Amino acid sequence: MAANKKINKLIIALIAGTLLGCASGGIPISTNTKYPIEVLYENQPLERPYSEIGLVEISNEDSLTARQTKDKRMMYRGNDAKTKELLTARLVMKAQKIGADAIINVRYKYYTSVKSEGYMLSGLAVRYRGE
């Protein structure tokens, strides 16, 4: 009887852990990396007055590699937090070229299909106004 209670608690803990892992939204974009301009994600407000320059985005789609698939199932995603930081750096360079002081409302979207995977990273390039 005690063994059944332990098994039930273990099952409940595993289910709860799985559900919490699904709710996290995947691999986070690191907010510790320092870029030459300010990068603020969807949930981070910009406290300074600014003027909008325009939307900046980068995207790409690649075929899944043989290592990523096995028995016609995807075994792992082709990107990680480090890859997202590199993509964010590319987005920052693009915003800098048009004179941005910051990028706000940065969003990262990742998708997969049977044969490919892709991403889109976008944000609003802004210039600070004099205070």
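Residues numbered from 1 in each chain as written. Predicted model: local features only at pLDDT ≥ 70, side-chain atom pairs only at ≥ 80, totals over all residues. Heavy atoms only, no water.

S.K.: So what about unusual backbone geometry? Which residues, and what values?
M.R.: Although it is not a glycine, asparagine 105 adopts a positive phi angle of roughly 55°. For asparagine 105, the location among the structural elements is in strand β5 (residues 102-112). Residue asparagine 105 is classed as partly exposed on the basis of its relative accessible area of 35%. (Helix = DSSP H or I, 4+ residues; strand = E, 2+ residues; numbered from the N terminus. Buried < 20%, exposed > 50% of the residue type's maximum accessible area, 1.4 Å probe, protein only.)

S.K.: Residues and numbers for the nonpolar core, please.
M.R.: With 18 residues, the main nonpolar core has Leu91, Ala95, Ile103, Val106 and Leu121 as its most contacted residues. Those elements that place two or more of their residues in this core are β1 (38-41), β2 (50-63), α2 (81-97), β5 and β6 (116-128). Not counting residues up to four positions away in its chain, the partners in contact with alanine 95 are Ile37, Val56, Ala100, Ile103 and Ala125. With seven residues, the next largest nonpolar core counts Leu40, Leu46, Leu124 and Val126 among its residues. (Core = buried A, V, L, I, M, F, W, Y, C linked by side-chain atoms within 4.5 Å. Contact = heavy atoms within 4.5 Å.)

S.K.: Give me the lowdown on the sheet that holds β2, citing residues and values where you can.
M.R.: Judged by pairing direction, the sheet is mixed, and its four strands sit side by side in the order β1-β5-β6-β2 without closing on themselves. Edge positions in the sheet fall to β1 and β2, since each has one partner strand and no second. Between one strand axis and the next, the sheet turns through 25° on average, direction left out of account. Inspection of the sheet shows β2 paired to β6 by 13 bridges, in the antiparallel sense. Directly across from serine 51, in β6, lies its bridge partner arginine 127. (Pairing = 2+ DSSP bridges. Axes fitted to C-alpha atoms, helices over the stretch in contact; angles between N-to-C directions.)

S.K.: Describe the pairing of β5, naming the residues involved and giving the relevant values.
M.R.: As paired strands, β1 and β5 are joined by three bridges and run parallel to one another. Within β5, the residue paired with valine 39 across the bridge is isoleucine 103. Strand direction decides the pairing type here: β5 and β6, joined by nine bridges, are antiparallel. Opposite arginine 107, over in β6, you have serine 122 as the bridge partner. Count of turn residues in the β5/β6 antiparallel hairpin: three residues.

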